[in-house]
Amino acid sequence: MIDLAFVRANLPVVEERLRARGMDPAVALGDFATIDRERRDAITQVETLKARRNKLTEEIARLRNSGGDATAATEETRSLKAEVESLESRATAADDRLQTILKSIPNLPQDDVPVGADEHGNREEKVWGDKPSFNFNPRPHWEIGEELNILDFNRAAKISGSRFVVHYGSGARLERALANFMLDLHTGEHGYTEVLPPYMVNSKSLFGTGQLPKFAEDLFHCDDKGPYVPGELQDGDHWLIPTAEVPVTNLLRDETVDEAQLSVSFCAYTPCFRSEAGSYGKDVRGMIRQHQFQKVELVKFTTPERSKEEHEALTRHAETVLERLGLPYRRMLLCTGDMGFASSKTYDLEVWLPGQELYREISSCSNFGDFQARRANIRFRPAGAKRSEYVHTLNGSGLAVGRTYLAILENYQQADGSVRVPEALIPYMNGQAVLTKQERL
C-alpha cells in the first residue's frame, strides 16, 4: 500500500506513474484530492472546536466557583460536543474512503523501470549459456515425459481434472532432487534460513502480500468457514497458498524487529495452488500452467537503504540455480505495464526450452519496497531513532521446480528418447545419470 502522506504531497508524480502502468489516474484515484481535503478540513474544525470547548470548561469552572450563571456556557459545550462528534465521524468516513482507494492502487514503479504497455516493452538485461544443438528434432517435455512413463496427464485429469500431472519413479525422484538441490544451495551457500510454513493462510495474510482483495479469483478459497465475502479480512478462514511468499512474508506481520536483525533471508519449498483464472486455452499442454506445482521461494526483509542491493543479490541467487544446472536463460527487466500489482521492480528469469523453441519464465524476482510492509504492518527500529519504519520486502522463485524439471527434459534430451541428468543433480538422484523408459502400470 502506498503511503497516504506521499500521495498527498506528490499527487502529480503518482498520477504520472499510474499512467506508466497503463492506468487512468482519474479512475484509480477517484476523488482522492477532494476526500482528502474534506478529511483535513474536518480534523482542523475538530481541533478548533475542542480548543473552544476547553476554554468554555475553564469558564464554567470559574463561574461556578464565583457563584455566577454557567447555563449558557454549559449549553454551548453540549452543542460543541455534538458538533465535534459529527465532524469526527465525517473525518473517519473520509479516511475509510481514502484507505479503500489506497488499497486498490498498485505499487509505483522505480525510476529505472522501462515504460511499456505489456510484455513487449520488457528489456533484455542479460543472456547466459549456449542453447543446445541437436542432430534430431527436439521434442516438448510432455512428449518426452509420457514416452519415458514418468509423467501421466491422463490419470491426473481423471482424479483431479485438467492442469494436473502425476509423476512416477525416476521422474518423481527428479522433482524431489531438484527441490533438495535448490534448498541446499540457498541455505548452504547463499545464507537463507529454511522455513516450512503452513500451506493454508487466512485473508489477512493474503491482503498483506497484495493478493486480496483484487485477485481473489486467482486463488482457491476453502469453504470451511463459509464463502469468501469480498472486502472482508478474516483471521479464521482459509485459502490454499498461491506461493510461499504469502505465509513467509506474513511471519513478521504486525511485528517490529531491530535494525541489527536485518537483512533476514528465508527460503521455503511448498506446493502452490492457482486457479489460473483468465488463462483458458493458454498452455493447455504440459506442465507450464498447472493448478498445483512445487516451488522454492526466496523471501527477504531489509532496510530501505539495502533494498536495491538485496534485490540484485536475490536475483543472482536464482540465476545460480540455472547456471549450476547448465540451463540457458535470459534476465528480463519487466516494464511498467507487465509488473505485478505489488512490485516496484521485477526481473524475470526465462529459461530456454528447445522443444518449444522459446524462452519461458521460471522465476520472478521482485522488490516491493515498503508496499507489502504497510499492508502487513511490518516494521523495524532504526538504531538511535525514536520512531520505527517500515521494512522493505523482496521475493523471487529460486526456482519453480516443475518448470526447472521440464527445462531439464527439453535441454538434456537425447536422440534415443532418454534424458541426461545434469551433473549437479546426480548425487541427489542416488547416482542415476540418465532417465530411461521405465515400466508402469
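Computed from a predicted structure; not experimentally measured.

A separate point is the packing of helix H4 (residues 32-66) against helix H5 (residues 71-104). Across the interface, H4 lies against H5 with an axial gap of 8 Å and an inter-helix angle of 155°. Looking at the two axes, H4 sits roughly antiparallel to H5. For the pair H4 and H5, the sense of crossing is left-handed. Here the contact of H4 with H5 is built from residues that sort into 17 nonpolar, three polar and 13 charged.

Mapped onto the fold, Thr34 is located in helix H4. As a C-alpha pair, Thr34 and Ala94 span 60 residues in sequence and 9.6 Å in three-dimensional space.

Turning to the side chain of Gln294, a few remarks are in order. By secondary structure assignment, the location of Gln294 is in strand S10 (residues 292-302). Gln294 sits in the buried class, given a relative accessible area of 16%. Within the structure, Gln294 has its side chain in polar contact with the side chain of Glu175 (distance 3.0 Å). Once residues lying within four places of it in the same chain are set aside, the contact partners of Gln294 are Glu175, Tyr269, Thr270, Pro271, Ala400, Val401 and Gly402.

So, on to the side chain of Glu245. Mapped onto the elements, Glu245 comes out in helix H10 (residues 245-249). Although buried, Glu245 forms no salt bridge, and the nearest oppositely charged side chain, Lys295, lies 6.3 Å from it. One polar contact links Glu245 to Gln372, side chain to side chain, over a distance of 2.8 Å. A polar atom in the side chain of Glu245 sits 3.2 Å from the side chain of Asn395. Those residues in contact with Glu245, other than ones at most four positions away along the chain, are Thr209, Gln211, Glu297, Val299, Phe368, Gln372 and Asn395.

A sheet is described by the order of its strands in space; here three strands give the open sequence S8-S14-S15, paired in mixed fashion. Looking at the sheet topology across the chains shown, the edges are occupied by strand S8 (255-258) and strand S15 (389-390). Relative to strand S14 (residues 378-381), S8 is paired through four bridges, and the arrangement is parallel. When the bridges of S14 are listed, Val257 appears paired with Phe380.

The buried fraction of helix H13 (residues 401-411) amounts to eleven of the eleven residues, a majority that puts the element mostly inside the structure. Along H13, the residues classified as buried are Val401, Gly402, Arg403, Thr404, Tyr405, Leu406, Ala407, Ile408, Leu409, Glu410 and Asn411.

Moving on, we come to the pairing of strand S12 (residues 345-353). Summarising burial for S12: nine of the nine residues are buried, a large majority. What you see with S12 is no split at all: Lys345, Tyr347, Leu349, Val351 and Leu353 on one side and Thr346, Asp348, Glu350 and Trp352 on the other are buried throughout. Direction of pairing for strand S11 (residues 329-333) relative to S12: antiparallel, over a ladder of five bridges. From the neighbouring strand, Leu333 faces S12, where its bridge partner is Tyr347. The turn linking S12 back onto strand S13 (residues 358-367) is made up of four residues, and Glu357 within it adopts a positive phi angle of 55°.

Quick look at the sheet that holds strand S7 (residues 238-240) now. Spatially, S5-S7-S6 is the arrangement adopted by the three strands of the open sheet, whose pairing is antiparallel. Pairing within the sheet leaves two strands with one partner each, and these edge strands are strand S5 (200-201) and strand S6 (220-222). Alignment of S5 against S7, held across two bridges, turns out to be antiparallel. Following the sheet pairing, Val201 is matched in S7 by Trp239.

Scoring rules and cut-offs
Residues numbered from 1 in each chain as written. Predicted model: local features only at pLDDT ≥ 70, side-chain atom pairs only at ≥ 80, totals over all residues. Heavy atoms only, no water. Axes fitted to C-alpha atoms, helices over the stretch in contact; angles between N-to-C directions. Helix = DSSP H or I, 4+ residues; strand = E, 2+ residues; numbered from the N terminus. Parallel < 35°, antiparallel > 145°, perpendicular 65-115°, else oblique. Left-handed = near helix turned anticlockwise from the far one by under 90°. Nonpolar A, V, L, I, M, F, W, Y, C, P; charged D, E, K, R; others polar. Buried < 20%, exposed > 50% of the residue type's maximum accessible area, 1.4 Å probe, protein only. Polar contact = N/O pair within 3.5 Å; in protein donor to acceptor, adjacent residues only side chain to side chain. Contact = heavy atoms within 4.5 Å. Lys, Arg positive; Asp, Glu negative; His and termini not counted. Salt bridge = Lys/Arg side-chain N within 4 Å of Asp/Glu carboxyl O. Pairing = 2+ DSSP bridges.

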